[in-house]
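Remarks on the overall topology
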Amino acid sequence: MELKPAGIEEIMRFLIREAVVFPTAEIYSSKQAFSGFYTFGHLGTLLVEEIKRLWRRRFIWSKERVYEISGSILTPTIVWKASGHLDSFWDPIVFCTRCNRTFRADHLIEEKLNLKAEGKSVDELTEIIRSNGLKCPVCGGVLSDVRRHYLMFKTKVGVSVEDNAVLRPETAQVIFLSYPRIRNVFGKPPFGIAQIGRSYRNEISPRRGLFRLREFEQMEIEYFVLRDAKCIPFSREEAERKGIVGEDLRYRPKCMDCKRCQVNNCPYFTEEYRKTLLRILTREAQLKGSEEVVEITADEAVKRGILPNEWMAYVLAEEVRFLTEDLGVPFNAIRFREMLPEETPHYSAGNFDLEICFSFGWKEIVGNAYRTDYDLTKHMKMSGVKMLEEVNGVKVVPHVIEPSIGIERTILTILSYAYVKAKVDRKYDWLKLHRKVAPVKAAVLPLMMPREYAREESKIARDIWRRLCEETEYHIVYDEKGSIGSRYKRYDQWGVPYCITVDADTMRDNTVTIRDRDTRKQVRVKLEKIPAIVTNLIKGRIKFSHLE
RNA sequence: CCGGCCGUAGUCUAGCCUGGACUAGGACGUCGGCCUUCCACGCCGAGGACCCGGGUUCGAAUCCCGGCGGCCGCACCA
């Protein structure tokens, strides 16, 4: 199947035009730039809520032992000192002193001198530039000292003169901070702590509308699982410490042969998840410069060692089902890419990022990290609070598997495959949203204008609407403004799956018409059956064609 | 911070090169009125714009300079 994602610029134009989302403070945009921040309008807010609801149903409510929290956004600096963000969450930047161009220092060194620059300090990078006489690649001017561009927003809390707080650059740390208390109330791992909330990053240059933002929202879970201390090493350092060095032992966890601990025993990894198909772009393929994905079941992926453990396999399978079954994203538009060692974040022992085929290429919308015991160990050291559990007589720190979904990127994903351009039959752009994510499930529309003879019709239509509001759990709208054609257009643009029209015949035989958005077909049905029909259609219990 | 493209009503756009008939044209939307209204577009009417500042000129949406902003590229990863 050929993939045809809609263009991102086109989608953004549509979203802004229809006030789904729009730039924050846009009335001042000609006076002060403030890019990377968006305000959600009516439909945008509803869409976000629908995505969150579906995510909660799937990842939290239908699972045993996943608990949700909502942490604060402003956090004390010490948290980020412990987590390592203060040390590693910045980009090294150099300026040309002649032409003022900016470059990423590490990229420049790797590209021009062919030296490894990843993870080097500012001083080291400056030294490399000086000793190799590296000049501005554009004008040949002298380069400045290397400076840090911090991706975290810092601020002051209270009367302090020093920056003592930061706007969290990820939601995860607040979960780790909450771990001891949640654990004390809900008991020993395995369990998950979920959180939906905003994060802040001072990106050098926000681009592509909702894709790279400075304020964005994540839906995230940290699954805490206990690892047997005798398990196979999960890092080269640990392997060396234990004196085990093998050809097969790469910098990544290898739990697939071991059933001894919880890391490779995921209670959520049931039969249906085991047989879920995954498309994986392995490190091996990437190193060969190949784009070829392996398509196998989640179960096979663990058995063959393509995935590190059952938890990771479960997480990937759940994500595929979420995107395809709840959000209507085509299966082929999804792939998982194992990050190369040098790309992997400082806290991770292996990332399998979920990438989507966008109009501008395959891009990450979900990060799946095996954070091991990195974060809890760091916080334990910095805070002095013990977070140990006993496994087979040995004290261990729980391991963490983290799926983190970007909400705004998810919206772009949905729209890339739901946005339909104007054609001859429908001369306007509209949204073919999957019935489950469509924020408005139906619209009730009286056919005639409310004049004397039509007053009765309008009243009946309102009554139907009220009944739908009471008897279904959905958001249904009522609208009698404008010609019927322009109302169909309006609700096609909102991605509303069904429209119900009331006309003169309704008064005679108590029937109304229900219209299917995708086919534009209409059928007459008994008025009293409408709430049940709408519910069944949305739940997928019946198909529209069955009504005909 | 650099390069490329760009800035006309709520939206899309004509005009700009070749300055004056531009009192800035059109379409959609909005508002008011009329009309028993099933797939944007029944009829009539109304309101609404040249990003900001300076310059050239008798005259600037149009030419020049500066500023401010936008998109794309580098960058990056939710």
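Throughout what follows, the structure given in this document is the object of discussion.

Here is what the cut-offs are and how they apply
- Residues numbered from 1 in each chain as written.
- Chains lettered and ligands numbered in written order.
- Predicted model: local features only at pLDDT ≥ 70, side-chain atom pairs only at ≥ 80, totals over all residues.
- Heavy atoms only, no water.
- Buried < 20%, exposed > 50% of the residue type's maximum accessible area, 1.4 Å probe, protein only.
- Helix = DSSP H or I, 4+ residues; strand = E, 2+ residues; numbered from the N terminus.
- Pairing = 2+ DSSP bridges.
- Axes fitted to C-alpha atoms, helices over the stretch in contact; angles between N-to-C directions.
- Expected span 1.5 Å × (residues − 1).
- Contact = heavy atoms within 4.5 Å.
- 1 Å grid on protein atoms, 1.4 Å probe; cavity = no way out; pocket = protein on both sides within 12 Å on 5 of 7 lines; lining within 4 Å.
- Points joined across faces, edges and corners; volume = space filled by probe spheres on them.
- Polar contact = N/O pair within 3.5 Å; in protein donor to acceptor, adjacent residues only side chain to side chain.
- Salt bridge = Lys/Arg side-chain N within 4 Å of Asp/Glu carboxyl O.
- Parallel < 35°, antiparallel > 145°, perpendicular 65-115°, else oblique.
- Nonpolar A, V, L, I, M, F, W, Y, C, P; charged D, E, K, R; others polar.
- Disulfide = S-S within 2.5 Å.

All right, on to helix α18 (residues 530–539) then. Taken across its 10 residues, α18 has seven buried, putting it largely inside the fold. The complete set of buried residues in α18 reads I530, P531, I533, V534, T535, L537 and I538. G540 lies just past α18 and shows a positive phi near 80°.

A separate point is the sheet that holds strand β4 (residues 74–76). Strand order in the open sheet formed by three strands is β4-β9-β8, with antiparallel pairing between adjacent strands. Only two strands of the sheet have a single partner each, and these edge strands are β4 and β8 (153–155). If you compare each strand with its neighbour and ignore which way they point, the axes differ by 35° on average. Examined bridge by bridge, β8 and strand β9 (residues 165–167) share three bridges and lie antiparallel to one another.

A few words on helix α14 (residues 407–418). Taking 1.5 Å as the rise per residue, α14 with 12 residues should run 16 Å; its terminal C-alpha atoms sit 16 Å apart, in good agreement. Burial analysis of α14 places 12 of its 12 residues in the buried class, the great majority of the element. Of all the positions in α14, only I407, E408, R409, T410, I411, L412, T413, I414, L415, S416, Y417 and A418 are classed as buried.

On to the environment of W80, then. Structurally, W80 is set in helix α3 (residues 77–83). Exposure remark for W80: the relative accessible area of 0% places this residue in the buried category. Taking the C-alpha atoms as reference points, W80 and K459, separated by 379 residues in sequence, lie 59 Å from one another. Non-local contacts of W80, meaning those with residues more than four positions away in its chain, are made with T75, H85, L86, M152, V166, R168, P169, E170 and Q173.

Summed over all chains, the structure comprises one cavity of 30 Å³ or more. Of the pockets and cavities examined, the largest cavity occupies roughly 40 Å³. Contributing to the lining of the largest cavity are L15, V20, L43, L47, L415 and L431.

With that settled, consider the pairing of strand β24 (residues 498–502). By the criterion of burial, β24 is predominantly enclosed, with five of the five residues buried. Residues of β24 alternate between two faces, with Y498, I500 and V502 on one and C499 and T501 on the opposite face, all of them buried. Bridge analysis of strand β22 (residues 442–446) against β24 gives five bridges, and the strand direction is parallel. Following the sheet pairing, V444 is matched in β24 by I500. With four bridges connecting them, β24 and strand β25 (residues 511–516) associate as antiparallel partners. By the bridge assignment, T501 is partnered in β25 with T513.

Right, let's get into the side chain of H399. Structurally, H399 can be placed in strand β19 (residues 399–406). There is a polar contact of 2.5 Å between the side chain of H399 and the side chain of Y370.

Moving on, we come to the environment of P5. Mapped onto the elements of the fold, P5 is located in the segment before α1 (8–17). For P5, a relative accessible area of 18% corresponds to the buried category. Residues P5 and G361, 356 residues apart in the sequence, show an inter-C-alpha distance of 9.7 Å. The contact partners of P5, leaving out residues within four places of it in the chain, are C357, F358, S359, S416 and Y417.

Moving on: the environment of E49. The residue E49 is located in helix α2 (residues 42–61) in this model. Given a relative accessible area of 39%, E49 falls into the partly exposed group. With 388 residues separating them in the primary sequence, E49 and V437 have C-alpha atoms 9.2 Å apart.

Judged by pairing direction, the sheet is mixed, and its five strands sit side by side in the order β23-β22-β24-β25-β26 without closing on themselves. Across the chains shown, the open sheet's two edge strands, defined by having one partner strand only, are β23 (476–478) and β26 (522–526). Strand after strand, the sheet turns through a mean of 25° between neighbouring axes, direction not considered. Strands β22, β23, β24, β25 and β26 of the sheet are contacted by helix α16 (residues 484–493), whose axis makes an angle of about 170° with β22.

Turning next to the pattern of salt bridges. Per the stated rule, a full pass over the model turns up 40 salt bridges. Put simply, E50 and R53 hold a salt bridge, and the shortest N to O gap is 2.8 Å. Of this pair, E50 and R53 both sit in helix α2, separated by three residues, roughly a single helical turn. Residue R53 is classed as partly exposed on the basis of its relative accessible area of 28%.

Note that the residue after P189, namely P190, is joined by a cis bond; omega there is 10°. In this fold, P190 is placed in the loop between α7 (172–186) and β10 (191–200). Despite not being glycine, A19 shows a phi value in the positive range, around 60°. Mapped onto the fold, A19 is located in the loop between α1 and β1 (21–23). Take A19: its relative accessible area is 34%, and that puts it in the partly exposed class. Residue R520 is not a glycine yet carries a positive backbone phi of 65°. R520 gets classed as partly exposed once you look at its relative accessible area, which sits at 39%.

Contact pair α1 / α14: the axes reach a minimum separation of 10 Å and the direction vectors enclose 100°. In terms of orientation, α1 and α14 fall into the roughly perpendicular class. Here I8, I11, M12 and L15 of α1 come into contact with α14, specifically with L412, L415 and S416. For the contact of α1 with α14, a count of residues per class yields six nonpolar, one polar and no charged.

For the rest of this paragraph, the subject is the state of the cysteines. Taken as a whole and assessed by the stated rule, the structure comprises zero disulfides. Not part of a disulfide, C499 finds its nearest cysteine sulfur in C469, a span of 15 Å. Residue C499 is classed as buried on the basis of its relative accessible area, which comes to 1%.

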